[in-house]
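Given next are the chains, with one letter for each unit.
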Amino acid sequence: AQQSNVTIFGVLDVGVQRIKNGSKTLNLESIDGLQTSRLGFRGTEQLGGGLSASFHLEGAIGPDTGAGGDWRRRATVSLASKDAGELRLGRDYTPTFWNISRFNAFGTNGVGAASNLVYGFDGASGTAKTVIRSDNSVGYFLPDGLGGVYGQAMVAAGEGSTGRYVGARLGYAGNGLDVALGLSETTNTLAGDKFKVFNLGGSYAVGALKLLGLVHNSKQTTREQKNYVIGAHYNVGSGIIRVSHVNAHSRNTANGEDYTGKLFAVGYVHQLSKRTSLYTTLSKVNNSKTGRFLIPGGSAIALGDDSNGIEAGIYHSF
Amino acid sequence: AQQSNVTIFGVLDVGVQRIKNGSKTLNLESIDGLQTSRLGFRGTEQLGGGLSASFHLEGAIGPDTGAGGDWRRRATVSLASKDAGELRLGRDYTPTFWNISRFNAFGTNGVGAASNLVYGFDGASGTAKTVIRSDNSVGYFLPDGLGGVYGQAMVAAGEGSTGRYVGARLGYAGNGLDVALGLSETTNTLAGDKFKVFNLGGSYAVGALKLLGLVHNSKQTTREQKNYVIGAHYNVGSGIIRVSHVNAHSRNTANGEDYTGKLFAVGYVHQLSKRTSLYTTLSKVNNSKTGRFLIPGGSAIALGDDSNGIEAGIYHSF
Amino acid sequence: AQQSNVTIFGVLDVGVQRIKNGSKTLNLESIDGLQTSRLGFRGTEQLGGGLSASFHLEGAIGPDTGAGGDWRRRATVSLASKDAGELRLGRDYTPTFWNISRFNAFGTNGVGAASNLVYGFDGASGTAKTVIRSDNSVGYFLPDGLGGVYGQAMVAAGEGSTGRYVGARLGYAGNGLDVALGLSETTNTLAGDKFKVFNLGGSYAVGALKLLGLVHNSKQTTREQKNYVIGAHYNVGSGIIRVSHVNAHSRNTANGEDYTGKLFAVGYVHQLSKRTSLYTTLSKVNNSKTGRFLIPGGSAIALGDDSNGIEAGIYHSF
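To start, this report covers the structure provided alongside it. (Residues numbered from 1 in each chain as written. Chains lettered and ligands numbered in written order. Predicted model: local features only at pLDDT ≥ 70, side-chain atom pairs only at ≥ 80, totals over all residues. Heavy atoms only, no water.)

### Focus on the relation of the copies chain B and chain A
Here is step 1 of the chain: Each copy of the sequence occupies a distinct position, and chain B is placed on chain A by a rotation of 120° and an axial shift of 0.0 Å, giving an RMSD of 0.0 Å. One copy is carried onto the other by what is essentially a three-fold rotation axis. When each C-alpha of chain B is compared by its distance to the rotation axis, Gly69(B) comes out closest, at 2.3 Å. (Least-squares fit on C-alpha atoms with pLDDT ≥ 70 in both.)

### Regarding the interface of chain A and chain C
Here is step 1 of the chain: Counting residues at the interface gives 32 residues for chain A, matched by 31 residues for chain C.
Here is step 2 of the chain: Carbon and sulfur atoms make up 65% of the surface buried where chain A meets chain C, a total of about 2700 Å² over both sides.
Here is step 3 of the chain: Of all residues in chain A, Ile8(A), Ile314(A) and Phe318(A) give up the largest surface area on contact with chain C, accounting jointly for 20% of the area buried on that side.
Here is step 4 of the chain: Taken together, the links from chain A to chain C amount to zero salt bridges.
Here is step 5 of the chain: Looking at the side of chain A that touches chain C, the elements with two or more residues in it are strand E1 (7–21), strand E2 (24–30), strand E3 (38–48), strand E16 (276–287) and strand E17 (307–317) of chain A.
Here is step 6 of the chain: Element by element, the count of residues in the side of chain A that touches chain C is highest for E1(A), at seven residues.
Here is step 7 of the chain: Classifying every residue of the side of chain A that touches chain C gives 17 nonpolar, 11 polar and four charged. (Contact = heavy atoms within 4.5 Å. Buried area = accessible area lost by both parts, 1.4 Å probe. Salt bridge = Lys/Arg side-chain N within 4 Å of Asp/Glu carboxyl O. Helix = DSSP H or I, 4+ residues; strand = E, 2+ residues; numbered from the N terminus. Nonpolar A, V, L, I, M, F, W, Y, C, P; charged D, E, K, R; others polar.)

### Quick look at the relation of the copies chain A and chain C
Here is step 1 of the chain: Superposing chain A onto chain C takes a rotation of 120° plus a shift of 0.0 Å along the axis, which leaves an RMSD of 0.0 Å.
Here is step 2 of the chain: Residue by residue, only 16% of the interface of chain A is reproduced at the interface of chain C, so the copies engage with different surfaces.

### Some points on the interface of chain B and chain A
Here is step 1 of the chain: With 32 residues of chain B at the interface, the matching set in chain A holds 31 residues.
Here is step 2 of the chain: Roughly 2700 Å² of surface becomes buried between chain B and chain A when both sides are summed, with 65% attributable to carbon and sulfur atoms.
Here is step 3 of the chain: It is Ile8(B), Glu29(B) and Ile314(B) in chain B that bury the most area against chain A; as a group they hold 20% of the surface buried on that side.
Here is step 4 of the chain: At the junction of chain B and chain A, the tally comes to 11 residue pairs in polar contact (both at pLDDT 80 or more).
Here is step 5 of the chain: Looking at the side of chain B that touches chain A element by element, the count peaks at seven residues for strand E1 (residues 7–21) of chain B. (Polar contact = N/O pair within 3.5 Å; in protein donor to acceptor, adjacent residues only side chain to side chain.)

### Observations concerning the pattern of salt bridges
Here is step 1 of the chain: Inspection of every chain in the model, using the stated rule, returns 29 salt bridges over all chains.
Here is step 2 of the chain: Notably, a salt bridge pairs Asp92(B) with Arg88(B), separated by 2.8 Å at the nearest N-O pair. The pair Asp92(B) / Arg88(B) is uniform in exposure class, with both members buried.
Here is step 3 of the chain: Residue Arg91(B) is joined to Asp135(B) by a salt bridge in which the shortest nitrogen-to-oxygen separation is 2.5 Å. Taken together, the positions of Arg91(B) in strand E6 (residues 85–93) and Asp135(B) in strand E7 (residues 133–141) put the pair 44 residues apart, joining distant regions of the chain.
Here is step 4 of the chain: The class for Arg91(B) is buried, based on a relative accessible area of 8%.
Here is step 5 of the chain: The network of salt bridges with common partners includes Arg74(A), Glu86(A), Arg88(A) and Asp92(A). (Buried < 20%, exposed > 50% of the residue type's maximum accessible area, 1.4 Å probe, protein only.)

### Focus on the nonpolar core
Here is step 1 of the chain: Core analysis: the largest hydrophobic core is formed by 54 residues, its most contacted members being Leu39(A), Phe41(A), Leu39(B), Phe41(B), Leu39(C) and Phe41(C).
Here is step 2 of the chain: Ignoring anything within four residues of it in the chain, the contact list for Leu39(C) reads Phe41(B), Leu57(B), Trp71(B), Ile8(C), Phe9(C), Gly10(C), Leu57(C), Glu58(C), Gly59(C), Ile61(C), Trp71(C) and Phe318(C). (Core = buried A, V, L, I, M, F, W, Y, C linked by side-chain atoms within 4.5 Å.)

### Observations regarding the packing of aromatic side chains
Here is step 1 of the chain: Throughout the structure, instances matching the rule amount to 21 aromatic pairs over all chains.
Here is step 2 of the chain: Centroid distance Phe55(B) to Phe318(C): 3.7 Å. Interplanar angle 5°. Geometry classified as stacked. Of this pair, Phe55(B) sits in strand E4 (residues 51–60) while Phe318(C) sits in the segment after strand E17 (307–317), placing the two residues on different chains. Neither residue differs from the other here; Phe55(B) and Phe318(C) are each classed as buried.
Here is step 3 of the chain: Each ring, one from Tyr93(B) and one from Trp98(B), has its centre 4.8 Å from the other, and the planes form 45°; the classification is tilted.
Here is step 4 of the chain: Members of the aromatic cluster, each reached through a chain of ring pairs, are Phe41(A), Trp71(A), Phe41(B), Trp71(B), Phe41(C) and Trp71(C). (Phe/Tyr/Trp six-rings, centres within 6.5 Å; stacked < 30°, edge-to-face > 60°.)

The following block contains the structure:
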């Protein structure tokens, strides 16, 4: 009886991967070539009058080692109204994350993901806790039925430490077009320094082709990173060809650091069903003389070295 | 097929909270204003002849950060007979816990919970591992059908360390009245010191009103804490008004410590459905000159300072 | 809807246990007397043409303390064909593990398990990470319909550390007979030392009796352990009597260590249903003069001391 309230869902995505940084090659088992492996539970209760309550618990899984156990992908409770929108509390994706995910040909997963470069500064994700998700958040989502306009805003408590976040995203989707703007500010040191993100992305689908583009800038005191991303999906039968190019430029006026990384990636996804795919991706990161961008998972990289990755895997969702 | 053996259940309870200890205020996201956020699995197999086997796995969730993964709320297997009662093995609530939970207007959750003061000594829960639950336990529960009498007993192994527990609870429920007595002894240091708990609680429901009361004493060597709690629930339409008062008195004859804390709490729960509620609670702890009782989650408290808490949240169960 | 893709399954197995090593006795709550307590999720998607995709997530639970949260028993995604066999990626059991599990009267659980002695060297499991399972594995399983022949092979990446595994198992099952051979090699130090396992086991069922036997040898540089195991199951009504004898011989030519341990175990399983049993097991390990084999969980053992274990518990699966 009670069980009907709950949907179990997840992804197991495991592949084999080879990362070459400079001259050092490492063979790995990958766990998120197409999407991050995960397990989740969710459900919605209709309360009448267009009002509903819902919950969502979702945690990452590392099928290479059997890791898992938390719900740090998302752990939220919501109260939603058809007309007034959704109030959502808990750990959730930040509004500014979604443009990175939605408007890149490889999303944020695998060797070809633009996020390998654009997260935070310097290819190092986690500069701010809120690059992808935020703890202690209170979010608001616009309702459907606004003529294609969608949007969300989030505030998150720092709880006496860093991580106080304020951000929003506003977009429009219709007639094959999808564009959105994101803005945020995070208190990123105990001294109160602000980590600021601005991004603007879009996609346009016409026939078998979908074009994607993103501008993503992040900034904190003397450091700044500007990223430009373009990509495309092309449907061929039950498959999708994916290509992406990223240009990331990192500067720090305090120490004169100034370098660029360029990522080129191409991949193919073969859909065995709606739930199951085989895929392969090839990706290359070229650094400028002092650059240190890389595809994560491999050996340490020396300044200016290139980073190369190739992977093939099985994606299965449930 | 096999799935029908298992019920998935849980709670997501997230709110916003402000704790003021002395002059220091902290804003927080709370995760257990009404009940602790949790995920669980349970099931029962009928074995014939009134005999059944069952299991219960339940773990706390921290939706503010996505924490979770263990089953430390309860992890038990049971063999039960309609006539002879239930044998239960694993990690479980101690018998002496239940009076704290059942006979307080705010249960053991949120800023208004009497447990903020009565657990262990000195407002510090965890003085003994067995204040709430015990590892390595073997429990026995009386069967139904004893004319309103209920009861349970537990022994738990220390496994060569501390935590050896022996305790029991005996009660009577009928005609709106519910009273129960609890007693326990825990080996609480490697030297063999005993942590002893005695409590006696009750509730009486008449019309829309329910009165609750508890005496809870804990003792170890030279330390002792005595607590008196009174409270009430009052149903108004689809809501419940809750009020509670706690008087906690801590003494240590070894160093002359002797202080008192008083908690006053009032709250309102608005039920949107059986599964979903909105709630708010206001709570104040007044310490005597050297007291250090507090509502947990805020800044450190100075001796004699007051502790104030207010919270509002969404409770959703599944 | 989506939920029908997923089967929830698990085991809660909790008992009371007494381990006596030398003269030191310890009382414990056990969590795997018959099978390891666990929770899992699995599902299979038919892709047409005899092809299927499936996933399996399974993690151990410690109901004595409520431990849990990972999926380190097994976390795999598979693509399988009725004719060509199964490709399986993720963390999984090694091929060489299965002979230890299948051809011992007590499997690998409880005080009577042969694995208490045969794992790794010197009764110490974990000498190599791959004694039971392997991270980062790619496995292949022969299809059904090969006239009783079954088999599997696995390679696992070391990912720049130890744990690179290559192994296989080949067997035949039919007419009450089941025999299988296992072989593996694991890179077990950063210097490249090889941990090698060879085992050959079998069982033969005739009427109410099943006989089981195993030879299991492991070797690394100067260390070697040879194990012989024999055992039997005898069905009596809804119960099974189990007996086992293990002879383990450990040698290290580098330091002259040379000792033997013998395990004798007898137990009874009473099946209340297909899903639920009560059981008890008695086990004794006798060491030669410098031996240090033991039943795990008790106090430390002195060279040459005996180790004794007795346990009784409830097993419930779902």
